[in-house]
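The primary structure of each chain is shown beneath.
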Amino acid sequence: MKIISNIKDYYDYVSGIYGIDPLVTLDRRNAYFLKDDEESPFSTIVTPNTPTKEELLNRYRFRFYKGGPNFSYIVVGVGFMDYQFEYLRYKDEEGKIVFEVNDIIKFKRNLLVHTNPIAFRKGRNGYCRDKQGNIGCYTSPWAERARFGFTGEQNKLVDDGDAPIPILVGTIIPAYIPAEEMWQNIYDHLSALKEKPIVDNRPDTLKIQSAGFDIKTSFRNIK
C-alpha cells in the first residue's frame, strides 16, 4: 500500500515490510490529529466539561440508573473490522486525561459501511451501564457529526466524501490495534473499493519516509 501523507502515523512503517502496491493508495494529505480534537472521545485535551473519575461515576446516577459507571461506547471501524471500545475517560488529580479501558469487542463485517478507511460510530445504544451490565440510553452528540462518518444505516455503504483521515498516534488506539493489523485492514478496505490512481506530487524525501524508511539510517554511500 502506498501512503501519501506529510504526517506519519504508527502503522506507516509496515509499508517497508510488505512493500508498496502502487495500485492501492491511502491519500492522507488532509489528515488531522485525533488526540487534538476536543470533541473527539479519544481526545487528550482537558476542557471545562471534562469530569473527574468521581464525577463520571456519579453522573446520571439518579436520572437513569441507581449506580454504575458511565462507560463510553465508541466503535472504531477500520475497513471490514469493527473495534468497540468500552472505557471511562476522565481527568486525574494532575489535570491529565486518563482512559480506563474496560473491554474491547472485535468483530468483522461482510460489507464495507464507509468509504473512509477509518470511521467512528457510537456503539450499542448509549453510554450508561448499571451494576447488572444493562445499557442505558444516553448517546453522544460527537458520534452524530458527519465529518466523523457516523450513520444510523450500518448496512449501506456511506460516502464520506472529503472527510479527513485521523492520525491515531498519541491516542489509546495504537495500544489495542497492532500496527500490522491496522495496515492490513486499511489495505483490504482500499482494495475492495478499487480506488482510482492518485497522483503523488510530494518530494522524494517524503515518499521515502512514507515507505517506512529513515533517510538518516536506511541509506549509505557505498564506495
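Look up a bit, the structure's there.
Because the structure is predicted, anything quoted here is derived from the model rather than measured.

Peer 1: Is there a simple way to explain the sheet that holds strand S5 (residues 81-91) in this structure?
Peer 2: As summarised here, the arrangement of the four strands in space is S6-S5-S4-S7, forming an open sheet in which the pairing is antiparallel. Each edge of the open sheet is held by one strand with a lone partner, namely strand S6 (97-108) and strand S7 (118-122). Strand-to-strand, the axes of this sheet are offset by a mean angle of 25 degrees, without reference to chain direction. In this structure, S5 lies alongside S6, joined through 11 bridges in antiparallel fashion. Counted as the bridge partner of Arg89 is Phe99 from S6.

Peer 1: Teacher, can you tell me more about the pairing of S7 here?
Peer 2: As a general feature of sheets, a regular strand has side chains that alternate between the two faces. Across the five residues of S7, four count as buried, placing the element largely inside the fold. Pairing of strand S4 (residues 72-78) with S7 involves five bridges; the strand directions are antiparallel. Within S7, the residue paired with Ile74 across the bridge is Lys122.

Peer 1: What am I meant to see in the packing of aromatic side chains here?
Peer 2: The geometry of an aromatic ring pair is captured by two quantities: the separation of the ring centres and the angle between the planes. Summed over all chains, the structure comprises eight aromatic pairs. Summarising the aromatic geometry, the rings of Phe42 and Phe120 are spaced 6.1 Å apart at their centres and angled 45 degrees between planes, so their arrangement reads as tilted. Placement of Phe42 in the loop between strand S3 (32-33) and helix H2 (53-58) and of Phe120 in strand S7 is noted, with a sequence separation of 78 residues between them. For the pair formed by Phe42 and Phe120, the shared burial category is buried. Through successive ring pairs, a cluster of aromatic residues spans Phe42, Phe85, Tyr87, Phe99, Phe120 and Tyr176. Across from the ring centre of Phe33, 5.6 Å away, lies the NZ or CZ of Lys35, which sits over that ring.

Peer 1: Whenever I open this one, the pattern of salt bridges confuses me. Can you help?
Peer 2: Close approach of charged atoms lets side chains of opposite charge pair. Evaluated as defined, the whole model comprises seven salt bridges. The closest approach of N and O atoms between Arg28 and Asp12, which form a salt bridge, is 2.7 Å. Of this pair, Arg28 sits in the loop between strand S2 (25-27) and S3 while Asp12 sits in the loop between strand S1 (2-4) and helix H1 (15-18), and the two are 16 residues apart along the sequence. Both residues of the pair, Arg28 and Asp12, belong to the buried class. A salt bridge links Lys96 to Glu94; the nearest nitrogen and oxygen atoms lie 3.8 Å apart.

Peer 1: Help me understand the environment of Pro117 in this model?
Peer 2: As for its position among the elements, Pro117 is in the loop between S6 and S7. Excluding its chain neighbours within four sequence positions, the residues that come into contact with Pro117 are Leu26, Gly77, Val78, Gly79, Ile165, Ile186 and His189.

Peer 1: So what exactly am I meant to see when it comes to helix H4 (residues 179-193) here?
Peer 2: Note on helix geometry: an α-helix contains 3.6 residues per turn, so any two residues three or four positions apart are oriented the same way. Taking 1.5 Å per residue as the helical rise, H4 with its 15 residues ought to reach 21 Å, and the 21 Å between its terminal C-alpha atoms agrees with that figure. Among the residues of H4, Ala179, Met182, Trp183, Asn185, Ile186, His189 and Leu190 are the ones counted as buried. Down the axis of H4, the smallest arc covering the buried residues is 160 degrees, so these residues share one side. At its buried positions, H4 is contacted by H1, S2, S4, S5, S7 and helix H3 (173-176). One or two residues past the end of H4 sits Lys194, with phi positive at roughly 55 degrees.

Peer 1: Hey, could you run me through the nonpolar core in this one?
Peer 2: The nonpolar side chains of a soluble globular protein tend to be buried with one another. Counting residues in hydrophobic clusters, the biggest one holds 31 residues, and the most contacted among them are Tyr11, Phe42, Ile118, Phe120, Ile173, Met182 and Ile186. Among the elements that make up this core, the one with the highest residue count is H4 (five residues). Apart from residues no more than four positions distant in its own chain, Tyr11 is found in contact with Ile3, Leu26, Arg28, Ile118, Ala179, Met182, Trp183 and Ile186. In terms of nonpolar packing, the next biggest core, distinct from the first, is built from five residues, Phe71, Tyr73, Leu88 and Tyr90 among them.

Peer 1: In this structure, what is going on with the side chain of Ser15? I would like to understand it.
Peer 2: Looking at the element boundaries, Ser15 is found in helix H1. Since its relative accessible area comes to 2%, Ser15 is described here as buried. A distance of 2.9 Å separates the side chain of Ser15 from the side chain of Trp183, its partner in a polar contact.

Peer 1: Can you help me understand a nonpolar patch on the surface in this one?
Peer 2: A cluster of nonpolar side chains, Tyr13, Ile17 and Tyr18, forms an exposed patch at the surface whose accessible area comes to about 320 Å². Positionally, Ile17 belongs in helix H1.

Peer 1: Quick question: what am I supposed to make of the side chain of Thr171 here?
Peer 2: Positionally, Thr171 belongs in the loop between strand S8 (166-167) and H3. Here Leu168 takes part through its backbone oxygen, which lies 2.7 Å from a polar atom of the side chain of Thr171. Within the local environment of Thr171, its side chain forms a polar contact with the backbone nitrogen of Ile173, the two atoms lying 3.2 Å apart. Leave out the neighbours within four places in its chain, and Thr171 touches Leu34, Lys35 and Phe42.

The rules behind the values
Residues numbered from 1 in each chain as written. Predicted model: local features only at pLDDT ≥ 70, side-chain atom pairs only at ≥ 80, totals over all residues. Heavy atoms only, no water. Pairing = 2+ DSSP bridges. Helix = DSSP H or I, 4+ residues; strand = E, 2+ residues; numbered from the N terminus. Axes fitted to C-alpha atoms, helices over the stretch in contact; angles between N-to-C directions. Buried < 20%, exposed > 50% of the residue type's maximum accessible area, 1.4 Å probe, protein only. Phe/Tyr/Trp six-rings, centres within 6.5 Å; stacked < 30°, edge-to-face > 60°. Lys NZ or Arg CZ within 6 Å of the ring centre and 35° of its normal. Salt bridge = Lys/Arg side-chain N within 4 Å of Asp/Glu carboxyl O. Contact = heavy atoms within 4.5 Å. Expected span 1.5 Å × (residues − 1). Arc of directions from axis to C-beta. Core = buried A, V, L, I, M, F, W, Y, C linked by side-chain atoms within 4.5 Å. Polar contact = N/O pair within 3.5 Å; in protein donor to acceptor, adjacent residues only side chain to side chain. Patch = residues over 30% accessible without salt bridge, like charges linked within 9 Å, V, L, I, M, F, W, Y side chains within 5 Å. Areas by Shrake-Rupley, 256 points an atom, 1.4 Å probe, with all protein chains shown as cover.

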